[in-house]
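Next come the chains, spelled out residue by residue.
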Amino acid sequence: MPYGAPQLDLPVQLNVNEVPYGPSPAIAEEMARAVFDAATTLNRYPDREFTALRTELAAYLGRETGTAFAPEQIWAANGSNEVMLHLLQAFGGPGRTAVSFAPTYSMYPEYARDTMTTWVEGHRASDFSVETASALALIAEQAPSLVLLPSPNNPTGTALPLEVVSALCDAAPSAVVVIDEAYAEFRRTGTPSALTLLATHRNLVVARTMSKAFGLAGARLGYFAAAREICDAARIVRLPYHLSATTQAVALVALRHAPEMLARVDELRAERDRLVDWLRAGGLRVADSDANFVLFGTFDNRHAIWQALCDRGVLIRETGPDGWLRVSIGTPMEMTAFRKALSEVLDLRAEEEA
Ligand SMILES: Cc1ncc(COP(=O)(O)O)c(C=O)c1O
């Protein structure tokens, strides 16, 4: 099956964990100028090693963590989806196994399928955390070449404690342990990033993206930080000149304005926390979230709830374990529309049941 979150033309779009704010007009103008400059030399292939971009991504991560990263420790591609595919191409393949812990990001088994890597799924606890003992047992049993774990996890929003990450890296020294931090910028205060473990674990990869907190899903730029040898392995499998000159130009402008690009993150985190409280006050089950989305439930017929919300102009995502639904955090107006629509739908349901 191809990836297929419904792209329906509804007024309130809260289904694919985008942020609701695009770049400001001033930044968009600077991007347009950078694209114009790049366009005048599009007869030439782009910088195959995207050196300027790697340098700026390393600087961005360095500012976040307070540790220095070398440009050679950074790899980038067209979205973290492509970055992950590179990792599967480099380290997976026939006769090799990749493991993760369900429920988790729906694309992982597809990267495995595309690279003919055996896919094995362990399970998360009822609060969606990864239990160290059962994770280590699965690793001992499967001897995987790759371990793929988002933190915060999609679709549950669950972040991984660093002790779990360290234990996995130690338990699988010949595997590449990928912590997919696509949503890391939204994590709650006090939740750590696995970036801080890179200095001590040579087999750790921390993937990030500009699609989420940076609000650049349309630009397609994902990246990871890891040991140089891992970046070099990705260089071997990438197609030549995979990052276009225009993509590089746009990403560089966004990084130059990182604080402004990320200025709405705190507001989105606060909106998320308010939504969690509101859903819980309404008697629903809600997973703790360190991301820009919330998983809530549980419903006997989640499809009926999803459809009833669509009928009211609100598109959310029918994903995750049976009975649960996921909603991305939008503008205050969009969240008001979501709450109004959900209240109506749940009241109607209560009336029908009474
Ligand atoms: C956990 C996770 N990883 C990676 C991605 C891919 O993002 P992109 O390819 O836009 O960087 C997503 C997108 O939803 C995601 O949820």
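Residues numbered from 1 in each chain as written. Predicted model: local features only at pLDDT ≥ 70, side-chain atom pairs only at ≥ 80, totals over all residues. Heavy atoms only, no water.

> Help me out: how do you make sense of the pairing of strand β4 (residues 118-123) in this one?
Within a regular beta strand, the side chains point alternately toward one face of the sheet and then the other, so they alternate between its two faces. Bridge count for strand β3 (residues 97-102) against β4 is 6 bridges, and the pairing is parallel. Within the sheet, the bridge partner assigned to S100 lies in β4 and is E121. Handedness of the β-α-β unit built from β3, helix α4 (residues 108-114) and β4 comes out right-handed. (Pairing = 2+ DSSP bridges. Helix = DSSP H or I, 4+ residues; strand = E, 2+ residues; numbered from the N terminus. Right-handed = clockwise from strand over helix to strand, strands pointing away.)

> Before we go on, may I ask you to explain helix α2 (residues 51-65) in this structure?
Side chains that are three or four residues apart share a direction in an α-helix, a result of its 3.6 residues per turn. A rise of 1.5 Å per residue sets the reference length of α2, with its 15 residues, at 21 Å; its end C-alpha atoms lie 21 Å apart and thus fit the reference within 8%. Considered for burial, the residues of α2 that qualify are L53, R54, L57, A58, Y60, L61 and G62. Residues of α2 that are buried make contact with β2 (74-77), β7 (204-209), β8 (222-226), α7 (228-237), α8 (245-256) and α9 (258-261). Of the residues flanking the end of α2, it is G66, one or two places downstream, whose phi is positive at about 75°. (Expected span 1.5 Å × (residues − 1). Buried < 20%, exposed > 50% of the residue type's maximum accessible area, 1.4 Å probe, protein only. Contact = heavy atoms within 4.5 Å.)

> How should the packing of aromatic side chains be read in this particular structure?
Each pair of aromatic rings is reported with the distance of its centres and the angle of its planes. As enumerated under the stated definition, the model contains 9 aromatic pairs in all. Ring centres of Y60 and F214 lie 5.3 Å apart, and the angle between their planes is 75°; this geometry places the pair in the edge-to-face category. Linking Y60 in helix α2 with F214 in the loop between β7 and β8, this pair joins segments that are 154 residues apart in sequence. The pair Y60 / F214 is uniform in exposure class, with both members buried. Ring geometry for F296 versus F338: centroids 5.9 Å apart, planes at 75°, classification edge-to-face. Note that F296 is positioned in strand β10 (residues 293-297) and F338 in helix α12 (residues 332-353), a separation of 42 residues in sequence. For F296, a relative accessible area of 0% gives the class buried. Relative accessible area serves as the criterion here: at 0%, F338 is assigned to the buried category. In textbook terms, an aromatic cluster arises when at least three aromatic residues are bridged by ring pairs, as seen for Y105, Y108 and Y111. Here the guanidinium or amino end of R54 rests over the ring plane of F50, the centre of that ring lying 5.1 Å away. Looking at R326, its charged tip hangs above the ring of F293, at a distance of 5.5 Å from the centre. (Phe/Tyr/Trp six-rings, centres within 6.5 Å; stacked < 30°, edge-to-face > 60°. Lys NZ or Arg CZ within 6 Å of the ring centre and 35° of its normal.)

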